[in-house]
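Okay, here's what each chain looks like letter by letter:
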Amino acid sequence: MKTYFCFIERDILGTPHMEPLAAETDAEALIEAEALLRTHASGIAAHVLCENLRIGTVRRPEVSGT
């Protein structure tokens, strides 16, 4: 069983936020990360990690061009 983690990149200084995801697939992990990103006002991106690999990144729509 894979263990997914989400790292929330923020636009302010402070402690980075990282938490495990309950997802069972890469696609589920990205969806869950997108939902988690919406709960963080200062979040600009959510990076999904599994073991030593970055599965993908979800960005807020207003920063997707950067």
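Further up the page is the structure itself.
Note that the coordinates shown come from a computational prediction; the quantities given were computed from them, not determined experimentally.

What counts, and at which threshold
Residues numbered from 1 in each chain as written. Predicted model: local features only at pLDDT ≥ 70, side-chain atom pairs only at ≥ 80, totals over all residues. Heavy atoms only, no water. Pairing = 2+ DSSP bridges. Helix = DSSP H or I, 4+ residues; strand = E, 2+ residues; numbered from the N terminus. Axes fitted to C-alpha atoms, helices over the stretch in contact; angles between N-to-C directions. Salt bridge = Lys/Arg side-chain N within 4 Å of Asp/Glu carboxyl O. Buried < 20%, exposed > 50% of the residue type's maximum accessible area, 1.4 Å probe, protein only. Contact = heavy atoms within 4.5 Å.

Draft legend 1. Spotlight on the sheet that holds strand 3 (residues 43-50). In spatial order, the strands read 2-1-3-4; together these 4 strands make up an open sheet with antiparallel pairing. Strands at the two margins of the open sheet, each flanked by one partner only, are strand 2 (17-21) and strand 4 (53-59). Neighbour to neighbour, the strand axes of the sheet diverge by 25° on average, direction disregarded. Examined bridge by bridge, strand 3 and strand 4 share 6 bridges and lie antiparallel to one another. Paired with alanine 46 across the bridge in strand 4 is valine 58.

Draft legend 2. Spatial organisation of the pattern of salt bridges. Under the defined criterion, the tally for this structure stands at 1 salt bridge. Across the pair aspartate 26 and lysine 2 runs a salt bridge, and its minimum N-O distance is 3.7 Å. Of this pair, aspartate 26 sits in helix 1 (residues 26-38) while lysine 2 is found in the segment before strand 1 (4-10), placing the two residues 24 residues apart along the sequence. With a relative accessible area of 31%, aspartate 26 lands in the partly exposed category. The exposure class of lysine 2 is partly exposed, given its relative accessible area of 43%.

Draft legend 3. A look at the side chain of serine 42. Locating serine 42 in the fold gives a position in the loop between helix 1 and strand 3. When neighbours within four sequence positions are excluded, serine 42 is seen to be in contact with Glu9, Arg10, Asp11 and Ile12.

Spatial relationships are all this shows, so hold off on functional conclusions.
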